[in-house]
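Read off the chains here:
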Amino acid sequence: MPAPESIIKLVKRFDANRDAYRSGKYNEAQLRQEFLDPFFEALGWDVYNKKDYAPDYREVVSEDSIAIEGQAKAPDYAFRVGGVRKFFVEAKKPSVDIAGDIHPAYQLRRYAWNVHLPLSILTDFEEFAVYDCRNKPDPNDSAATGRTKFFEYPEYIDRWDEIVDLFSPEAILKGSFDKYIIENKGKKGTTEVDDDFLETIEIWRDLLARNIANRNPQANDEQTLNFAVQMTIDRLIFLRICEDRGIEPFEQLLTISKNPAVYSALLDLFARADTRYNSGLFHFKNEKGQTNGADTFTPSLKIDDKVLKEIVRGMYWPCPYIFKEIPVEILGQVYEQFLGKVIRVTPGGHAKVEEKPEVRKAGGVYYTPTYIVEYIVKNTVGKLLEGKTPAEAASLKIVDPACGSGSFLLGAYQHLLKWHEDWYEKNNPETWAKGKDPVLVRVDGGAWRLTLSARKKILVNNIHGVDIDPQAVEVTKLSLLLKVLEEQSGQLSLGFERVLPDLGANIKCGNSLIGPDYFEGQLVVDEKERQRVNPFDWHAAFPQIFAKGGFDAVIGNPPYGADLTDGEREYSKKFNIGTTDTAALMMIQAIEISTTGGFSGFIVPKPFLYSSSWLRTRELIVNDLQSLADMNRAWKNVLLEQIVYCLRKGENGDTYSTYRRSSNDFQLVAEVQKADCNQFGFLLNDLSANEIALAKKVLRQGSSLNSLMSNTRGGMFQNKITDTPNDMKVLGGKQISRNGVQGVKGFVSKEIINLYPNAAILKESLLFQNIVAHIENPTPHIKLTGTLSSPECTGDYLILDTINQLTNISSLSSKYILGLLLSKLSNWYLYRFVFAKAIRTMHFDSPTTEKIPIMNLDLKDKKGIARHDRIAALVTRMLDLHKQTPATPFDQERLARDIASTDAEIDRLVYALYHLTPDEIQIVETS
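Residues numbered from 1 in each chain as written. Predicted model: local features only at pLDDT ≥ 70, side-chain atom pairs only at ≥ 80, totals over all residues. Heavy atoms only, no water.

**Here's the deal with the sheet that holds strand β5 (residues 127-132)**
Alright, step 1. Pairing is mixed across the open sheet formed by six strands, whose spatial order is β1-β2-β3-β4-β5-β6. Both edges of this open sheet fall to β1 (60-62) and β6 (147-152), since each of them pairs with a single strand only. Geometrically, the sheet is characterised by an average inter-axis angle of 20 degrees between neighbouring strands, direction not taken into account.
Alright, step 2. Taken together, the three bridges between β1 and strand β2 (residues 77-81) define a ladder with antiparallel strand orientation. Its bridge partner being in β2, Ser62 is matched across the sheet by Tyr77.
Alright, step 3. Seen against the sheet, helix α8 (residues 176-184) touches β3 (84-91), β4 (119-123), β5 and β6 and runs at an angle of roughly 100 degrees to β4. (Pairing = 2+ DSSP bridges. Helix = DSSP H or I, 4+ residues; strand = E, 2+ residues; numbered from the N terminus. Axes fitted to C-alpha atoms, helices over the stretch in contact; angles between N-to-C directions. Contact = heavy atoms within 4.5 Å.)

Below you can see the structure in the form of structure tokens.
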């Protein structure tokens with residue numbers, strides 16, 4: 001793409017007057033007006049807001065803030081798409097050496113790093129530097145650190161297409177901007193702000209835990225020690241953020257840390273904060289109306305100055321954090337990881353930080369991506385708000401029953417704040433900015449914002465949460481309180497009302513799945529067991545909400561697969577859903593605590609769609625189901641895939657919508673008839689109407705595979721296998737291929753048959769290994785691997801649980817059935833209509849084969865016999881071809897060609913067998 005005439009003119013003008021521009025008299029404001037504004041206009045950005053967008057949706061925001069007392073100055077421009085910041089531009093006058101001066105580069109990188117923007121630009125027009133801002137900035141970094149592209153002004157003409165392909169609005173909308181970010185990730189060992197801050201607060205936790213445990217004998221209880229450490233860190237972070245926002249005096253914590261008796265001075269500051277904020281974070285004395293008991297424990301602690309000085313000084317220059325700019329959502333993500341560990345007290349009274357057992361089992365903590373939170377909130381809270389006024393919205397009750405660090409509650413609260421601002425702005429905003437208690441105020445730039453009082457009321461009226469972990473409850477409160485203050489700056493006047501609400505009645509600690517009747521009938525209850533189980537009475541905790549029928553929206557990411565004790569497993573039978581998976585239990589609990597017409601929206605494991613163990617859960621949910629969205633693998637390091645569902649209690653509609661995730665967006669795929677789900681035995685997902693119609697056609701014409709073949713799964717006796725030849729040979733999945741049985745896995749004694757009754761003896765049968773879904777561009781798929789066992793293998797062979805043996809009980813040839821099962825049509829059907837497009841390893845066992853339709857030909861009919869025998873003959877040929885061992889490259893090529901043509905002929909006959917049209921064949925072939 002050639003550079004536009006406007007860019008050519010800018011380059012020529014700069015070149016003609018370069019010395020004057022570089023003299024130092026030419027300032028940054030002039031540069032922005034004469035060169036940078038028109039430069040970015042030429043890229044397609046609406047620099048002057050000619051589209052007349054509302055302030056929240058302007059494409060380009062010019063920052064006017066300046067550095068105060070060493071605090072970081074915001075970059076000169078923020079470029080946004082749909083109101084979301086994509087990159088910063090920091091402008092410098094041409095006399096600045098962009099290529100070599102370390103300070104401008106550090107300034108830009110530090111700001112972008114804190115707000116989680118991967119790319120940003122530093123320019124004086126003479127030079128144009130692109131920085132990867134995911135690297136942790138250091139004041140001593142060279143100007144080249146993190147720099148990925150560099151242009152000098154004469155290059156703008158010849159390399160204009162390169163700049164357009166990266167930084168134009170079109171490049172962002174079409175994905176090339178994000179593609180560049182992904183391709184450059186990790187090239188130099190990036191350490192993003194959330195990872196770095198997590199490491200920092202973990203160091204603080206370790207320092208405090210060890211010191212408090214050593215200096216305070218009364219803190220030998222793990223729950224008490226965790227509370228003390230957590231609250232101390234939360235209080236310091238809260239006040240430090242308030243400093244950066246101008247709500248608290250700047251460097252007050254640093255000043256305190258420079259004198260002796262640091263903790264005593266901090267307690268005085270905390271007491272003043274109690275008076276100022278009225279938050280449970282600083283609640284030290286019992287007062288009328290307070291929902292939580294006062295913290296009388298932490299004021300009694302002894303904490304050494306050395307420890308507190310190290311922590312506090314780590315919050316100030318040269319630390320890289322700009323606390324006012326780290327999004328609350330990022331802090332929540334950090335805390336989610338932080339809560340994955342807990343402080344244990346050793347028998348010797350020392351503190352030790354350990355990973356929680358459930359986290360260790362899961363392989364880590366995985367916070368919910370923002371786009372999933374936003375999707376669930378939009379399809380639950382968003383739908384509740386449709387057609388309502390703020391007065392009506394005030395009565396809506398939203399809860400996350402496993403709130404963790406509060407990411408879903410933050411998302412819901414943010415949605416409510418934005419909805420209220422939009423509603424008031426569309427309904428005579430000046431009216432709502434008047435009176436004794438206005439709800440709107442106009443801020444710099446002309447935008448309308450909710451007042452602090454209005455933000456508090458929305459939080460207290462609408463947002464609720466429960467978590468079994470008391471530390472998680474405190475983190476959720478902290479996150480929400482910081483969100484209340486997010487757009488507040490300057491000194492807040494006290495007046496007669498404290499600044500922050502008390503959230504003790506909103507965010508509660510308890511086990512969402514276990515009620516107080518858990519210990520019913522027990523005369524003596526162990527106190528530690530009561531603390532561990534932490535029963536929760538929903539109706540007692542939220543009496544006013546249940547007086548009106550329950551919550552209007554239940555949202556979240558429920559824990560799944562948790563290890564339950566025998567007692568908890570027995571108790572969970574009251575849900576009557578045939579499984580004790582905690583996610584399934586939470587899904588049913590969500591309906592129980594919802595009012596009629598209330599929404600539920602969760603992200604849950606994908607087996608919910610198709611697994612036989614989740615059948616009862618599906619039956620209880622399908623009538624009210626409104627939508628399914630396929631997440632594939634929402635977390636890269638988690639092999640299990642996820643699905644998002646939204647339902648409305650009492651809806652009972654005939655259809656639900658399915659969505660496909662593309663990057664961080666969602667595309668509508670189809671409207672699915674719920675009756676079709678009953679036909680296939682699972683919740684249809686991410687399938688077009690044409691695919692569903694074709695599958696129904698195949699299903700109508702076939703008989704269940706289980707009516708034709710009995711299915712036996714091998715035994716789990718891997719630990720008995722040896723390399724020493726013995727009575728019985730053993731086959732595992734790797735020994736099964738399309739060309740027969742290849743070698744053996746090992747040997748076992750015949751006695752294994754008595755020890756393991758399910759140690760299946762190999763018969764002449766079809767053998768199928770575990771099904772593995774392959775991820776290949778452009779789409780994942782499965783490839784079923786099976787073969788016909790040879791007579792010489794039977795009798796002396798045992799099979800492991802990685803193999804399923806299908807024994808023929810019909811008049812049809814086993815080879816005919818094998819041909820159908822290995823065809824493209826069956827693989828397409830299996831992947832989409834049995835395994836719900838799940839990418840994982842699964843057994844080919846009876847619940848699976850029950851759902852596979854096989855054309856049951858009439859072998860008394862000449863036409864049926866001909867079709868049957870032709871497919872069986874081709875399968876015989878295929879098995880023979882796979883046994884060949886070609887010697888020369890020519891023979892290899894010929895064999896591959898013969899196999900491919902035989903496969904294609906089998907597929908052609910199978911398509912004809914099921915009477916597929918050319919369009920239907922195209923559906924199978926293209927997918």
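Having seen the structure, we can now continue with the description.
**Let's talk about the environment of Tyr57**
Alright, step 1. Of note, Tyr57 is situated in the loop between α3 (28-42) and β1.
Alright, step 2. Residues Tyr57 and Val81, 24 residues apart in the sequence, show an inter-C-alpha distance of 7.7 Å.
Alright, step 3. Dropping the residues within four chain positions of it, Tyr57 is found in contact with Arg80, Gly82, Gly83 and Lys418.

**Overview of the pairing of strand β12 (residues 463-467)**
Alright, step 1. Counting buried residues along β12, five of its five residues qualify, which places the element largely inside the surrounding structure.
Alright, step 2. Side chains Ile463, Gly465 and Asp467 of β12 all project onto a buried face; the interleaved residues His464 and Val466 project onto the opposite face, where all are buried too.
Alright, step 3. In terms of strand pairing, strand β9 (residues 398-400) meets β12 through three bridges, oriented parallel. Bridge pairing links Ile398 to Ile463 in β12.
Alright, step 4. When β12 meets strand β13 (residues 507-509), the two strands line up parallel, connected through three bridges. Among the inter-strand pairings, Asp467 is bridged to a residue of β13, identified as Cys509. (Buried < 20%, exposed > 50% of the residue type's maximum accessible area, 1.4 Å probe, protein only.)

**Considering empty space enclosed by the protein**
Alright, step 1. For the coordinates displayed, the defined rule picks out four cavities of 30 Å³ or more.
Alright, step 2. As for the largest cavity, its lining consists of Arg738, Gly786, Thr787, Leu818, Gly819, Leu822, Ser823, Val875, Met878, Leu879, Asp903 and Ile906.
Alright, step 3. For the lining of the largest cavity, the secondary structure elements donating two or more residues are β29 (786-788), α32 (814-821), α35 (862-883) and α36 (889-913).
Alright, step 4. If you tally residues by element for the lining of the largest cavity, the top one is α35, at three residues.
Alright, step 5. Among the residues making up the lining of the largest cavity, the classes are represented as six nonpolar, four polar and two charged.
Alright, step 6. Each pocket or cavity is described by its volume, and for the second largest cavity that value is around 60 Å³.
Alright, step 7. If you go around the second largest cavity, the residues you meet are Val698, Leu825, Ser826, Tyr829, Leu830, Ile852, Pro853 and Tyr914. (1 Å grid on protein atoms, 1.4 Å probe; cavity = no way out; pocket = protein on both sides within 12 Å on 5 of 7 lines; lining within 4 Å. Points joined across faces, edges and corners; volume = space filled by probe spheres on them. Nonpolar A, V, L, I, M, F, W, Y, C, P; charged D, E, K, R; others polar.)

**Details of the packing of helix α21 (residues 452-462) against helix α22 (residues 470-484)**
Alright, step 1. It is the contact of α21 with α22, at a shortest axis distance of 9 Å, that shows an interaxial angle of 150 degrees. It follows that α21 is roughly antiparallel to α22 by the angle criterion. For the pair α21 and α22, the contacting residues are Leu452, Arg455, Lys456 and Leu459 in the first and Leu480, Lys483 and Val484 in the second.
Alright, step 2. For the contact of α21 with α22, a count of residues per class yields four nonpolar, no polar and three charged. (Parallel < 35°, antiparallel > 145°, perpendicular 65-115°, else oblique.)

**Here's the deal with the pairing of strand β19 (residues 665-673)**
The side chains of a regular strand alternate, residue by residue, between the two faces of the sheet.
Alright, step 1. Both strand β18 (residues 655-662) and β19 contribute to a ladder of eight bridges, which runs antiparallel. Paired with Ser657 across the bridge in β19 is Glu671.
Alright, step 2. Between β18 and β19, which pair antiparallel in sequence order, lie two residues; one of them, Ser663, sits at a positive phi of approximately 60 degrees.

**Some remarks on the side chain of Asp624**
Alright, step 1. Structurally, Asp624 can be placed in the loop between α28 (615-621) and β16 (625-632).
Alright, step 2. There is no salt bridge for the buried Asp624, and the closest opposite charge comes from Lys674, which lies 6.3 Å off by N-O distance.
Alright, step 3. One polar contact links the side chain of Asp624 to the main-chain amide nitrogen of Glu651, over a distance of 3.4 Å. (Lys, Arg positive; Asp, Glu negative; His and termini not counted. Salt bridge = Lys/Arg side-chain N within 4 Å of Asp/Glu carboxyl O. Polar contact = N/O pair within 3.5 Å; in protein donor to acceptor, adjacent residues only side chain to side chain.)

**With respect to helix α37 (residues 918-926)**
Alright, step 1. Considered for burial, the residues of α37 that qualify are Glu920, Ile923 and Val924. Angular distribution of buried residues about the axis of α37 spans 90 degrees; they occupy a single face of the element. Within α37, the exposed residues directed more than 90 degrees away from the buried face are Pro918, Asp919 and Thr926.
Alright, step 2. Along its buried surface, α37 packs onto α30 (689-701), α33 (824-833) and α36. (Arc of directions from axis to C-beta.)

**Some details on the pattern of salt bridges**
As a working rule, side chains carrying opposite charge can pair if their charged atoms are close by.
Alright, step 1. For the structure on display, the rule yields 50 salt bridges.
Alright, step 2. When the shortest N-O distance is used, the salt bridge between Glu155 and Arg159 registers 3.0 Å.
Alright, step 3. Taking relative accessible area as the criterion, Glu155 reaches 27% and is therefore assigned partly exposed.
Alright, step 4. On the basis of relative accessibility, which here comes to 23%, the residue Arg159 falls in the partly exposed class.
Alright, step 5. Two residues, Arg660 and Asp686, come together in a salt bridge whose shortest N-O distance is 2.7 Å. With Arg660 in strand β18 and Asp686 in the loop between α29 (674-680) and α30, this residue pair connects regions lying 26 residues apart in the sequence.
Alright, step 6. What makes Asp686 buried here is its relative accessible area of 6%.
Alright, step 7. Through salt bridges with shared partners, a single ionic network connects Asp56, Lys418, Glu421, Asp422 and Arg449.

**Some details on the packing of helix α10 (residues 222-244) against α22**
Alright, step 1. Axis separation between α10 and α22 bottoms out at 10 Å; the angle between their running directions is 10 degrees. Comparing the axis directions of α10 and α22 gives the class roughly parallel. For the pair α10 and α22, contact is made by Gln223, Asn226, Phe227, Gln230, Met231, Asp234, Phe238 and Ile241 and by Pro470, Gln471, Glu474, Val475, Leu478 and Leu482, respectively.
Alright, step 2. Partitioned by chemical class, the residues of the contact of α10 with α22 number eight nonpolar, four polar and two charged.

**A word on the environment of Asn652**
Alright, step 1. In this structure, Asn652 sits in the loop between β17 (642-648) and β18.
Alright, step 2. Spatially, the C-alpha atoms of Asn652 and Glu152 are 63 Å apart, while their sequence positions differ by 500 residues.
Alright, step 3. Once residues lying within four places of it in the same chain are set aside, the contact partners of Asn652 are Asn623, Asp624 and Lys674.

**Comments concerning the sheet that holds β29**
Sheet strands pair via backbone hydrogen bonds, and the direction of the pair is either parallel or antiparallel.
Alright, step 1. The sheet built from four strands is open, its strands ordered β21-β31-β26-β29 with antiparallel pairing. For this open sheet the edge positions go to β21 (709-713) and β29, each flanked by a neighbour on one side alone. The sheet shows a mean angle of 25 degrees between the axes of neighbouring strands, direction not considered.
Alright, step 2. Across four bridges, strand β26 (residues 766-769) lies against strand β31 (residues 803-808) in antiparallel orientation. Bridged to Gln769 within β31 is Ile803.
Alright, step 3. The strands touched by α32 within the sheet are β21, β26, β29 and β31, with β26 carrying the most contacts at an inclination of about 25 degrees.

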